[in-house]
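Listed below, chain by chain, are the residues.
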Amino acid sequence: RRQSLAEASAGKRAHMAGGGGSSRWGADEAKRFGTSSVSCVAAAMVTNPIDVVKTRMQIRGEANQRGAAGGARSLGFARTGLELVRNESWTALYKGLCASCLREATYSGLRLFGYDWVKNAVAGDSQVFVVKLGSGMVSGFLSAAITTPTDLVKVRMQACTGTSAADRRYPSMRAAFKEVYHTRGLFGLYDGWQPNAVRAAALTGVQVSSYDHSKMLVKRHLGYSEGMPLHFFSSVLAGLLASIATAPIDLVKTRIMRTPGLYRSSLHCAAATVRNEGFFGLYKGFFAQWIRIGPHTLTAFVVLEQLRKLVHLEPIGESRK
């Protein structure tokens, strides 16, 4: 009888230990997603004014494609920002902030969390760059495809100039969601999901993998350890490479979301842009794109590394505990 009781007690302890392991795994995954979301929301709050100016630069020129005169007049980043503030006040720089934060909490939280999860599931502790690139692309594509409505509403709100009744139809994020749903239906919320998902695949694939891999190379060959200098350097490099890779895709995505029905497909939008504005029309707003993605990447990764340290998670790229 005593032996049976001992065996039962041992079985109970093993079951509790197994449950504890499962509980700890779930808590760690929640921490990874939570820290990713919070860091990206912080980055969005810092860079929203740049994002608004970038969006205005990208949609400039569309009026010409619709047959309106003067639509293609090109302004630089500073002049676009000054014109926006002069015509709409400085608060216009924070248009779409709530939608932007919602997008970052969902889309960016998922893509950073997903990169870590996919890479670990596919190759464990592998440091092969192609594995990192592929993990980022898969994570980015799926995250953007799921959360496209938040990005669409953000673009619509940031693109509104407020100078006409049509442009004042989005007084709030809730009103924007409601208006799009009532006028275009559920699938209308997914206008532009394809370029959005392709852009996210390119962005996450290049941005997160280059950050992860550059950290590994600098630590291995230059003897740096985890810390602010390493995080700063890797973030700046990742932001630059991500901007170069995604600027044309981001422009196409913005124009399709802004004016649904004007383009038959992403390729049609890109071709129309090149035909009317030249090849470098695809890079309209690139400087704004760069100075948005750069600070966004820097803020997101530096904050994320500190948050992960605070909640006792491994740094990005390190083996899971």
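None of these values were measured; they are calculated from a predicted model. (Residues numbered from 1 in each chain as written. Predicted model: local features only at pLDDT ≥ 70, side-chain atom pairs only at ≥ 80, totals over all residues. Heavy atoms only, no water.)

## With respect to the overall build of the protein chain
Scanning the protein chain from terminus to terminus reveals 10 helices and 0 strands. Counted from the first residue to the last, the protein chain has its helices and strands arranged as α-α-α-α-α-α-α-α-α-α. For the protein chain, the proportion of its 321 residues judged to be buried stands at 47%. A fraction of 78% describes how many contacts in the protein chain between residues 6 or more apart in sequence connect residues 24 or more apart. (Helix = DSSP H or I, 4+ residues; strand = E, 2+ residues; numbered from the N terminus. Buried < 20%, exposed > 50% of the residue type's maximum accessible area, 1.4 Å probe, protein only. Contact = heavy atoms within 4.5 Å.)

## A closer look at the pattern of salt bridges
Within this structure, the stated rule accounts for 25 salt bridges. The partner of D250 in a salt bridge is K54, with the nearest N and O atoms 2.9 Å apart. Here D250, found in helix α8 (residues 228-258), pairs with K54, found in helix α1 (residues 2-59); they are 196 residues apart in sequence, far enough to count as distant. In terms of burial, D250 and K54 fall into one category: buried. K284 serves as the salt-bridge partner of E277, at 2.8 Å between the closest nitrogen and oxygen. (Salt bridge = Lys/Arg side-chain N within 4 Å of Asp/Glu carboxyl O.)

## Considerations on helix α4 (residues 97-123)
Compared with an ideal rise of 1.5 Å per residue, which puts 27 residues at 39 Å, α4 spans 37 Å between its outermost C-alpha atoms and is within 8% of the ideal. E104 marks where α4 bends most, by close to 30°. One or two residues past the end of α4 sits G124, with phi positive at roughly 60°. (Expected span 1.5 Å × (residues − 1). Bend = angle between axes of the 7 residues up to and from the residue.)

## Focus: the packing of α8 against helix α10 (residues 286-310)
Axis separation between α8 and α10 bottoms out at 7 Å; the angle between their running directions is 140°. Taken together, α8 and α10 sit at an angle that is classed as oblique. α10 is crossed by α8, and the crossing has right-handed handedness. Tallied by class, residues from the contact of α8 with α10 come to 13 nonpolar, 9 polar and 2 charged. (Axes fitted to C-alpha atoms, helices over the stretch in contact; angles between N-to-C directions. Parallel < 35°, antiparallel > 145°, perpendicular 65-115°, else oblique. Left-handed = near helix turned anticlockwise from the far one by under 90°. Nonpolar A, V, L, I, M, F, W, Y, C, P; charged D, E, K, R; others polar.)

## Concerning a nonpolar patch on the surface
On the surface, V138, F141, L142, I146, W193 and V198 cluster together into a nonpolar patch covering about 530 Å² of accessible area. Elements represented by at least two residues in the nonpolar patch include exactly α5 (129-159) and α7 (193-222). Mapped onto the elements, W193 comes out in helix α7. Its relative accessible area of 34% is what places W193 among the partly exposed residues. (Patch = residues over 30% accessible without salt bridge, like charges linked within 9 Å, V, L, I, M, F, W, Y side chains within 5 Å. Areas by Shrake-Rupley, 256 points an atom, 1.4 Å probe, with all protein chains shown as cover.)

## As for unusual backbone geometry
One non-glycine residue with positive phi stands out, namely S89, at about 85°. Along the chain, S89 falls in the loop between α3 (77-88) and α4. Backbone geometry at H312 places phi at a positive 65°, although glycine is not the residue there. Here H312 shows up in the segment after α10.

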